[in-house]
Every structure is written in structure tokens, then in C-alpha cells.
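# Structure at a glance
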There are 2 protein chains.
Amino acid sequence: MELKSDTVYNFSAGPAALPKAVMEQAQSEFINWNQLGTSVMEISHRSKEFIQVAQEAEQDFRDLLNIPDNYKVLFCQGGARAQFAAVPLNLLGQSTKATYIDAGYWAESAIDEASRYCNVDTFDAKTDIDGQSAVKPASEWQIAPDSAYVHFCPNETIDGIEINDLPVTDKPIVADMSSNILSREIDVSQYGVIYAGAQKNIGPAGITIVIVRDDLLELAHKMLPSVLSYKELAEKDSMFNTPPTYAWYLSGLVFKWLKSQGGVKAIEQINREKAETIYGYIDQSSFYRNTIHPNNRSRMNVPFQLAKPELDGKFLELAKERGLVALKGHRAVGGMRASIYNAMTLAGVQALVAFMQEFEAEYA
Amino acid sequence: MELKSDTVYNFSAGPAALPKAVMEQAQSEFINWNQLGTSVMEISHRSKEFIQVAQEAEQDFRDLLNIPDNYKVLFCQGGARAQFAAVPLNLLGQSTKATYIDAGYWAESAIDEASRYCNVDTFDAKTDIDGQSAVKPASEWQIAPDSAYVHFCPNETIDGIEINDLPVTDKPIVADMSSNILSREIDVSQYGVIYAGAQKNIGPAGITIVIVRDDLLELAHKMLPSVLSYKELAEKDSMFNTPPTYAWYLSGLVFKWLKSQGGVKAIEQINREKAETIYGYIDQSSFYRNTIHPNNRSRMNVPFQLAKPELDGKFLELAKERGLVALKGHRAVGGMRASIYNAMTLAGVQALVAFMQEFEAEYA
């Protein structure tokens, strides 16, 4: 079994790997950006140079997702967990109820936080089909008629579950897309609010993007901290206060990289191929196992278990020697997890599968 | 007049220059950190490697400010403006009132936000002495007896005002030290809460440090978003959610750099020398003017005006050619502003003064 590799493939669930070309460019201009003799992180967010960075990033992001003109794009701080509070505090208006679709760990975390601010109507969408974990079809989701909005999390990083349909409702749909934004085409006009922490498919940890429909900007609760106010941020072009400028700049580089790859449609095809490569191998193996029904397997996060859990440590150790890192499963699930966001190449997934085959041959 | 320079001295008020040695180290290990074959921004915040970064940064920060054991140090998101909301929401408890000392722009911004959550008792501490702007001595500050805490901002970046004494009170003292933390010795035990956005004396924009006394962790309002909860962050070692890992890492490098310079006592001496160099020159000049009384001149932010404001553009243009950048004053004040935080060297201040002398000789 070949043990060493010079190439590192990083399967971290987040903060996750960024595209190599982006990292190389950022390194080369780290100290002397744009011929200014300083780093982009050392200039005012109100300088014309940074405002150009900020505006280009927003425009590229809009282009990538075809975001309609009646939606604002906000660059925020606080992570998706800040949005767990910001969503009810911005959207409840006179209502005291919101419906949350529960299909996994992150949906449940959003529910916990929302329960501080409103009456949460939870719909348990988890089910199983032929002994495999799955999500009930959206047509079965029950939505309270007096809900201010319907919240769901279309990709559950820990459970390895992805939801491929949308709530059937006339209420504003709110989606936590932290782990699958930009990985597949979506129709933004179907949503009221989309939010995503950056550290999987956008950029480094510390910046969060919110897409919000204009008509939802007027509903804020009086106890909403201004830094979480969609309206404040929209009115100030996300510069209500000093934004995380370096994270914004890096996100902009990622958007330009994604455009150079052919955009979301092209990366979706690659993501599909990556997912088929690893799930296909797992399904034909009697040594590895994924317990999610094919309907709901995540294209971004692939949890899998070894038939002999006592070999988990050996698997991780040998994988690491081969340059395949951050494969340990989340503590809530155990086993392994390969996170294969946009920045993970097909070659990386193929290297992982090749290693899994060799490991199976030697240790099964 | 010599026009060109290869060295750039960056006087940005924030995001501000970081120490050159820090930036060079960060660049060199940008893609391959700690021999991992990835960037430090691409690894899990829960990995043992990152936890070491996080813990060392906290310990170095504690060492630099001699922070007593009964204080927690939190690494947060949202900037000082998030703290403008977090302070009342964390500290009011059963009280509905807090006293705010007003000596400038940032104190007033904190008051605006706090007014959303409580009855703000504002004490206007602004005064003038011999026609120069100053701050009334703390012994004169009136503090409402039923205040939950007393808030002040000891360095006003826009006004160029620094306060050298402390509220006289038995209430918890809360200080926004965004622009002068680590620039001078302080006695942390005198405070209830100290907070500081990073982008002046700590690191890049996107991380905020809060120092909070243990007995103040139990007073949170029920509408406080969890990401702003001192108690939640303290219990989770600031990893309640994914922290801005790269900003945390860079802040850690700045703390190590500051220790290598001799710590806060040594940098305070240099800061004093820098301030004396520029104020000393301004005071003997009839062409430049600073309107703050010597009692309250900021050692961090030096606003100054030219006797002929029509030369402002020329001054900025020639300064930039000389590598002296980001000297334009805040729009609320006009004229010039030199921000001379810890990362600005005495040589940088001397280069600025030399340029000011030459400019005065040629254009006065």
C-alpha cells in the first residue's frame, strides 16, 4: 500500500478547503495588494479600492445565483447561528409563530434559538425508507396557517442529508444554505430569505451572506440589535459597521474562481460526478456503508461507516499519510465523513476512493 | 522636495496596518501552515491544532494585560457595534437604566443603540479649556444611582480625544477600548467589561474581544441572541459557533509580536514618544493645528488641520507619493488624521513629520 503523497486533499466539514488558485493568488498579494504597498486587510472599508472589492463580490455572487433585483444581498457577521436569531427578529412582524421543518441537527439548532423569540411550530420531516434515513416529501410538510414564515435547512452537514424540494406554501420560505449554497442551481425567487455561513462554499469563517426579498425588510422587532437588522445592513450596503473586509475579499476571489469554472451549473455537474463516484463505490462495497436513502443523500457531506469500527483509527491514520485529511466523522454520528464542497476536485474524491479500495483489500 | 519612497507608512484609522513582521509570517505560512499542507483558515475550529492557536492567543492576551482569573476573555463577531447592543442586553438584569458618559462620536453611537433597550442616562462630558476641546474630569461625572453600569469610550478615534481617568463609581464600569486597547497599561480589575473591535490594535476586522468579570455573566435579557451572550460564549470557550478562525490566528500573531517588543509597558513608551513627536511638531508650527487640549489628546489618533484648507488635496497627493497613506481626516471633522496605533513605528511618525515640515516650507 502506497503511503506517502505530496498532495493534500482536505475533506474538512468547515472551516473547509478553499480553491487552490484562490489561496495562491491571496498569498501572492498578501502584503502588497493592488500595488498599494499594504494588504487589502489594512485599508479602510470606505476606501474606493475596498468598495470596488465589495461591489464586485456582490455582483459576481448575484450573477452566479441569478438573484433578482428585488432581493438585497447582505454581508454579515456572526455566522449562521446569528441568523438563527436574526430570522425571527427580522421577520416575525406582528406574528408570534413560525414553522420550522426538522430534518436534522442544524434545523434543530435553528429551532432552539427561534424558540426564544416565538412560538415554533415544528414539523418533523425525518422518516425512513427500507431502513434508510430519509426526508418526507415536501408535499406532506404541514405548515401552520398563521406562521410568519417557513424555515428549513436543505443540507444537513452532520446527518449527510440533502433536501431536493421546497416547502409548498404561500409564506416566505427561509433556507439555511450554509453548506450547499453555490453547489447547485436554485431559483432564488422562490425564497424569502436565504442565508449561509461562508466557511464551506464561500470563503473563510467570519462572514455570512444573507439574500433577502425587499418586502421583508420592514418587519423587525424593536429588540433586534442593529448589527443583525436586514434593513440597517441593506440601507448601508453592509457597511453599517466595519465589515470583515479580508473575508469579504476572499469570498470575492472564490466567486471569480467559480465563474471561471463555468458558474454554478458547471460546478453542479462536477459535484454530481463527485457524489456518484463516492456513493457508487460505497454501495458496491460490503465494507463501507452509508445509511441515507438515495433520495436524500447529500452531495456535499458524505458520512460513511466501516464494517469494523475498530479500524476507524487505522483508516484515519493511513488516510492522513496519503494526504487525505479531516475525514473523521462528527462526534454525534461517528465513523467517517468526507465533505466534498465546491473546492474539492474530482481528483480528490477519486484519490479517496482509491485509498478506500486499497484499505478494504488489505483490512476487510 | 523628494517625492518617491519605497516604504509605505499606513496611517489608516481602521482597518489599520498590522505589524510588518506579523504580515510576513502570515504570508509565508499562508498555504502550508504548521506543516499541515493547508491554511490555518481551512481547518476545523475544533481541531487540536486550532484549539492550540486559540488558547495561546488568549493566554498571550491575558499576559499582556495582566487579566485577573475572575475575568473571562471572549472572542466574538460583530464588531464594537454588536457590543453596543450586547452590553445592555447582557448587563441590565432587573434594571432599566444605565449611565453613558458622552465625550465623542463613538460614545454617542453606543448611546443610540443602548436607547433601544433601556433608559439611557447620558452625562455630557465634553467641555473646552482655553478654546480647546477637552473632557471634564471624571470626578465631575454624574452617575445615576439606579444605573446598572457606567459606559464610556476612553479613546475617540474621530474626535482625537483620549480620556485618562475612570468613572468614580461602585457600578460596573464598561469601556469601549476598540482604538486604544493594548496601547497603554490598564488595571483590568477596575472594570466590569472591556470590549474592543480588533481592527486597530489587535488584528484584522471581523473579530472583537470582550473581557468580562465573572459575576456579570448571569444578568442576560431573555431576548439576547445567543451569539451575543457572554455566558454562552464563556461556557463554550468562544466556540459556541464557528469563530472567525483566521482573524483569531492573526490576532494571536500580533500578541506574540507585542510580547517580543517588550509588552504593553514598552509599547506605551513608544506610543508616548510617537505622540510627542507629532503633537510637538504641530504645536510649534503656525501652519498645522490640532484643537484638542493637551490633557485629552489621543495617542492613537491625531487629527490636524492645515492653515490653508485649499491645500488639503495637494497635501494628501504629495504625502501619498512619499508613501504616507490614509491621512485624510474623517468626513465629520475634515482636514487630516494620522492614526498611529501600535503597529505604526516611530520611524513612520518621523517620516510624516519630515514631510509635514517640507510641505510647510514649500506651501505655507
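Residue numbers here run from 1 along each chain, matching the order of that chain's written sequence. For naming, the first written chain is A and the first written ligand is 1, with later ones following in the order written. It should be noted that, the model being predicted, local features are given only for residues of pLDDT at least 70 and side-chain atom pairs only at 80 or more, the latter also being counted only at that level, while totals for whole chains, interfaces and linings use all residues. By convention in this description, side-chain values take in all heavy atoms of the structure and omit both hydrogens and water.

## Describing the interface of chain B and chain A
Note on contacts: a residue pair is in contact if any heavy atoms of the two residues lie within 4.5 Å. The interface is formed by 56 residues belonging to chain B together with 56 residues belonging to chain A. For the chain B and chain A pair, buried surface summed over both sides reaches about 4,500 Å², with 59% attributable to carbon and sulfur atoms. The term salt bridge refers to a pairing of a side-chain nitrogen on Lys or Arg with a carboxyl oxygen on Asp or Glu at a separation within 4 Å. Our count for the chain B to chain A interface comes out at 0 salt bridges. Numbered from the N terminus, helices here are DSSP runs of H or I no shorter than four residues, and strands are runs of E no shorter than two. Elements supplying a minimum of two residues to the side of chain B that touches chain A: α1 (20-28), α3 (79-91) and α6 (245-260) of chain B. Put simply, Ala, Val, Leu, Ile, Met, Phe, Trp, Tyr, Cys and Pro go in the nonpolar bin, Asp, Glu, Lys and Arg in the charged bin, and everything else, Gly too, in the polar bin. Its residues assigned to classes, the side of chain B that touches chain A shows 28 nonpolar, 20 polar and 8 charged. Note: buried area is the sum, over both parts, of the accessible area (probe 1.4 Å) each one loses when the two are combined.

## Concerning the packing of aromatic side chains
Pairing of aromatic side chains requires ring centres within 6.5 Å, counting the rings of Phe and Tyr and the six-membered ring of Trp. Pairs whose planes differ by under 30 degrees are stacked, by over 60 edge-to-face, and all others tilted. Within the structure shown, the criterion is met by 43 aromatic pairs over all chains. On the numbers, 6.1 Å between centres and 25° between planes, the contact of Tyr246 of chain A with Tyr246 of chain B is stacked. With one member in each of two chains, Tyr246 of chain A in helix α6 (residues 245-260) and Tyr246 of chain B in helix α6 form a pair that bridges those chains. Taking relative accessible area as the criterion, Tyr246 of chain A reaches 5% and is therefore assigned buried. Geometrically, the ring pair formed by Phe287 of chain A and Tyr288 of chain A is edge-to-face, given 4.9 Å between the ring centres and 85° between the ring planes. This pair shows no difference in class: Phe287 of chain A is buried, exactly as Tyr288 of chain A is. For a ring to carry a charge above it, either NZ of a lysine or CZ of an arginine must fall within 6 Å of the ring centroid while also lying within 35 degrees of the normal to the ring plane. Note that Arg81 of chain A overlies the ring of Phe240 of chain B, its terminal NZ or CZ placed 4.9 Å from the centroid. When a residue's accessible area, from a 1.4 Å probe over protein chains only, is under 20% of the maximum for its type it is buried; when over 50% it is exposed; and in between it is partly exposed.

## Re the nonpolar core
Grouped together as the largest cluster of nonpolar side chains are 118 residues, with contacts concentrated most on Phe61, Leu182 and Tyr246 of chain A together with Phe61, Leu182 and Tyr246 of chain B. The definition of a nonpolar core used throughout is a set of buried Ala, Val, Leu, Ile, Met, Phe, Trp, Tyr and Cys residues joined through side-chain atoms within 4.5 Å. Residues Ala80, Cys118 and Val120 of chain A together with Ala98 of chain B belong to the second largest nonpolar core, which totals 72 residues.

## A few points about the UniProt feature "binding site: pyridoxal 5'-phosphate" (unreviewed entry) in chain A
UniProt positions are given in the numbering used here, feature names are shortened, and annotations may be inferred rather than shown by experiment. In the numbering used here, UniProt assigns the "binding site: pyridoxal 5'-phosphate" (unreviewed entry) feature to Ala80, Arg81, Trp106, Thr157, Asp176, Gln199, Asn241 and Thr242 of chain A. What stands out for the annotated residues spanning 163 residues is how far apart their C-alpha atoms range, the widest pair being 30.8 Å apart. Relative to the elements of secondary structure, Arg81 of chain A occurs in helix α3 (residues 79-91). Here Arg81 of chain A is in contact with Tyr105, Trp106 and Ser109 of chain A together with Val227, Phe240 and Asn241 of chain B, once residues within four sequence places are set aside. Inspection of the secondary structure puts Thr157 of chain A in the loop between β8 (155-156) and β9 (161-162). Under the relative-accessibility criterion, Thr157 of chain A is labelled buried at 5%. Contacts of Thr157 of chain A, omitting those with residues within four sequence positions, involve Trp106, Ser179, Lys200, Asn301, Arg337 and Tyr341 of chain A. Separated by 2.9 Å, the side chains of Thr157 of chain A and Trp106 of chain A make a polar contact. Under the rule applied, a polar contact is a pair of N or O atoms within 3.5 Å (in protein, one hydrogen donor and one hydrogen acceptor; residues adjacent in sequence only if both atoms are side-chain atoms).

## Here's the deal with the pattern of salt bridges
Residue and element names in this part refer to chain A. Within this structure, the stated rule accounts for 42 salt bridges over all chains. A salt bridge links Glu113 to Arg116; the nearest nitrogen and oxygen atoms lie 4.0 Å apart. Given a relative accessible area of 33%, Arg116 falls into the partly exposed group. Connected through salt bridges with shared partners, the residues Glu56, Asp60, Asp63, Lys256 and Lys259 form a single ionic network.

## Remarks on helix α9 (residues 346-363) of chain B
Residue and element names in this part refer to chain B. By this rule the span expected of a helix is its residue count minus one, scaled by 1.5 Å. The end-to-end C-alpha separation of α9 is 25 Å, in line with the 26 Å expected for 18 residues at 1.5 Å each. Along α9, the positions that sit buried rather than exposed are Gly348, Val349, Leu352, Val353, Phe355, Met356, Phe359 and Glu360. Viewed end-on, α9 has its buried residues packed into an arc of 160°, placing them on one side of the element. Summarising the geometry, the arc corresponds to the directions from the helix axis toward the C-beta atoms.

## Concerning the relation of the copies chain B and chain A
Superposing copies: least-squares fit, C-alpha atoms only, residues required to have pLDDT of at least 70 in both. Under the fitted operation, chain B is carried onto chain A by 0.0 Å of movement along the axis and a turn of 180°, and the coordinates agree to an RMSD of 0.0 Å. Accordingly, the operation relating the two chain copies is best matched by a two-fold axis. Taken as a fraction of all interface residues of chain B, those also at the interface in chain A reach 100%, which identifies the copy contact as same-surface.

## Thoughts on the UniProt feature "domain: Aminotransferase class V" (unreviewed entry) in chain A
UniProt annotation of "domain: Aminotransferase class V" (unreviewed entry) refers to residues 8-352 of chain A when read in the numbering used here. In this annotation, residues 8-352 of chain A is assigned 32% helix and 19% strand; the end-to-end C-alpha distance for the span is 11 Å.

## Thoughts on the environment of Ala198 of chain B
For Ala198 of chain B, the location among the structural elements is in the loop between β11 (193-197) and β12 (208-213). For Ala198 of chain B and Ile209 of chain B, which are 11 residues apart along the polypeptide, the C-alpha to C-alpha distance reads 7.1 Å.

## Regarding the sheet that holds strand β12 (residues 208-213) of chain A
All names here are of chain A. Taken in spatial order, the 7 strands of this open sheet run β2-β12-β11-β10-β7-β3-β4, and their pairing is mixed. The two strands at the open ends of the sheet, each matched to only one other strand, are β2 (71-76) and β4 (119-124). For this sheet, the mean angle separating the axes of adjacent strands, direction not counted, is 20°. Two strands make a pair as long as DSSP finds a minimum of two bridges between them. By the bridge criterion, 3 bridges tie strand β7 (residues 150-152) to strand β10 (residues 173-176) in an arrangement that is parallel. Counted as the bridge partner of His151 is Val174 from β10. Across the sheet, helix α2 (residues 48-65) is in contact with β2 and β12; its angle to β2 comes to roughly 125°. Here an axis means a line fitted to C-alpha atoms, over the contact stretch when the element is a helix, while the angle between two N-to-C directions is reported on a 0 to 180 degree scale. Here α3 sits on the sheet in contact with β2, β3 (97-102), β10, β11 (193-197) and β12, set at roughly 160° to β11.

## Quick word on unusual backbone geometry
Here the bond from Gly14 of chain A into Pro15 of chain A is cis, since omega is -10°, no more than 30 degrees from zero. Turning to its location among the elements, Pro15 of chain A is positioned in the loop between β1 (9-10) and α1 (20-28). Even without being glycine, Leu182 of chain A reaches a positive phi, approximately 70°. For Leu182 of chain A, the location among the structural elements is in the loop between β10 and β11. Exposure remark for Leu182 of chain A: the relative accessible area of 1% places this residue in the buried category. Here the phi dihedral of Gln35 of chain B falls at roughly 60°; this positive angle occurs in a residue that is not glycine.

## Quick look at the domain arrangement of chain A
Residue and element names in this part refer to chain A. Annotation comment: domain bounds sourced from an automatic or database domain assignment. When the domains of chain A are assigned, the result is domain 1 (26-260) and domain 2 (262-363). Taken over C-alpha atoms, the centre of domain 1 sits 27 Å from the centre of domain 2. Across the domain 1 to domain 2 interface the summed buried area is about 2,300 Å²; carbon plus sulfur atoms make up 51%. Taken together, domain 1 and domain 2 are joined by 0 salt bridges. For the side of domain 1 that touches domain 2, the secondary structure elements donating two or more residues are α2, β6 (132-135), β9 and α6.

## Side note on the packing of helix α8 (residues 312-321) of chain B against α9 of chain B
Residues and elements named next belong to chain B. Following both chains from N to C, one finds α8 and α9 inclined at 135°, their axes separated by 11 Å at the closest point. Between α8 and α9, the angle is such that the two are oblique. The handedness of the crossing between α8 and α9 comes out as right-handed. Each of Lys314, Phe315, Leu318 and Ala319 in α8 lies in contact with α9, whose residues at this interface are Phe355, Met356, Phe359 and Tyr363. Of the residues assigned to the contact of α8 with α9, the class counts are 7 nonpolar, no polar and 1 charged. Any angle that is under 35 degrees is reported as roughly parallel, and any over 145 degrees as roughly antiparallel; angles of 65 to 115 degrees are reported as roughly perpendicular and all others as oblique. Should the near helix be turned anticlockwise from the far one by less than a right angle, the crossing is termed left-handed; should it be turned clockwise, right-handed.

## Examining α8 of chain B
Residue and element names in this part refer to chain B. Of all the residues in α8, the buried ones are Asp312, Phe315, Leu318 and Ala319. The buried residues of α8 occupy an angular sector of 140° when projected down its axis, which confines them to one face. Where α8 is buried, its residues contact β13 (288-289), β14 (301-306), β15 (324-325), β16 (336-339) and α9. Taken from the residues just after α8, Gly323 is the one with a positive phi, measuring 85°.

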